[in-house]
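Fold and contact review
Here are the chains, one letter per residue:
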Amino acid sequence: MVFYFISMRIIIILLLFMTSLMSAQNLKSYQWKNRIVLLFGKASSETFKKQQKLFKDEHSAIVERDMLIMNAEENLKSKLSLKPGFEGVVLIGKDGTVKFSEEFLVDPKILFSLIDSMPMRKVEMRRKKG
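Residues numbered from 1 in each chain as written. Predicted model: local features only at pLDDT ≥ 70, side-chain atom pairs only at ≥ 80, totals over all residues. Heavy atoms only, no water.

1. Considering the overall build of the protein chain
The cut-off we apply is this: Secondary structure counts use DSSP, requiring at least four H or I residues in a row for a helix and at least two E residues in a row for a strand, with both numbered from the N terminus. We call two residues contacting when some pair of their heavy atoms lies within 4.5 Å. Note on areas: Shrake-Rupley, 1.4 Å probe, and residue coverage restricted to the protein chains presented here.
A count of helices and strands for the protein chain gives seven helices and four strands. When the helices and strands of the protein chain are read in sequence order from the N terminus, they spell out α-α-β-α-α-β-α-β-β-α-α. In the protein chain, the proportion of contacts linking residues at least 24 apart, taken out of those at least 6 apart, comes to 68%. Working note: accessible area of the protein chain is about 7800 Å², and carbon and sulfur atoms make up 59% of it.

So, in structure tokens, the structure goes:
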């Protein structure tokens, strides 16, 4: 159990800071498993780095909600109906639909609150209590 927890933490940390880009095809592989937070913008910008740090500081809450934080490809903007110049955060639910989009900087607690209000998350929380 301890090995599993440590392994999951390492995987999540790596995913938080992965430099590879997320494509639409890859998104489907996470459906019904994870909530995806896509970061759109230039990885070298200070605002982008600040947003990453905000998420990094909330590691436990991210793991608890099955969230993955990823850098996104530009071509995803049109597939997600985002304007061409959009730089910000997009939350995709486990069902594969966009639940939230907002320009940088987004307080992670806003996403946590939104996720915790979702029916699927409420079921997950009940299961963990039981």
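2. Some words on the sheet that holds strand β3 (residues 88-92)
This is how the line gets drawn: Should DSSP find at least two bridges between two strands, the strands are taken to pair. The axes are straight lines fitted to the C-alpha atoms, using for helices just the contacting stretch, and the angles between their N-to-C directions are given from 0 to 180°.
Pairing within the open sheet is mixed, and its four strands lie in the order β2-β1-β3-β4. Single-partner strands in this sheet number two, and they are β2 (67-71) and β4 (98-103). Geometrically, the sheet is characterised by an average inter-axis angle of 15° between neighbouring strands, direction not taken into account. Bridging between β3 and β4 involves five bridges; their strand directions are antiparallel. Bridging from a neighbouring strand, valine 89 pairs with glutamate 102 of β4.

3. Observations regarding the packing of aromatic side chains
Using the following cut-off: Classification of ring pairs rests on two measures: the distance between centres of Phe, Tyr or Trp rings, Trp counted by its six-membered ring, which must be within 6.5 Å, and the angle between planes, read as stacked under 30 degrees, edge-to-face over 60 and tilted in between. Partly exposed describes any residue whose relative accessible area lies between the buried limit of under 20% and the exposed limit of over 50%, with all areas from a 1.4 Å probe on protein chains only and scaled to the type maximum.
A full pass over the atoms with the stated rule returns two aromatic pairs. Judged by centre distance (6.0 Å) and plane angle (70°), the ring pair of phenylalanine 40 and phenylalanine 86 falls under edge-to-face. Separated by 46 residues along the polypeptide, phenylalanine 40 in strand β1 (residues 35-40) and phenylalanine 86 in the loop between α5 (76-79) and β3 bring together distant segments of the chain. Across the pair, exposure class does not vary: phenylalanine 40 and phenylalanine 86 are buried alike. Between phenylalanine 48 and phenylalanine 104 the ring centres are 5.8 Å apart and the planes differ by 90°, which places this aromatic pair in the edge-to-face class. With phenylalanine 48 in helix α3 (residues 46-56) and phenylalanine 104 in the loop between β4 and α6 (108-116), this pair connects stretches of sequence that are 56 residues apart. For the pair shown, phenylalanine 48 and phenylalanine 104 are each scored as buried.

These results come straight from atomic positions and should not be treated as a statement about function.
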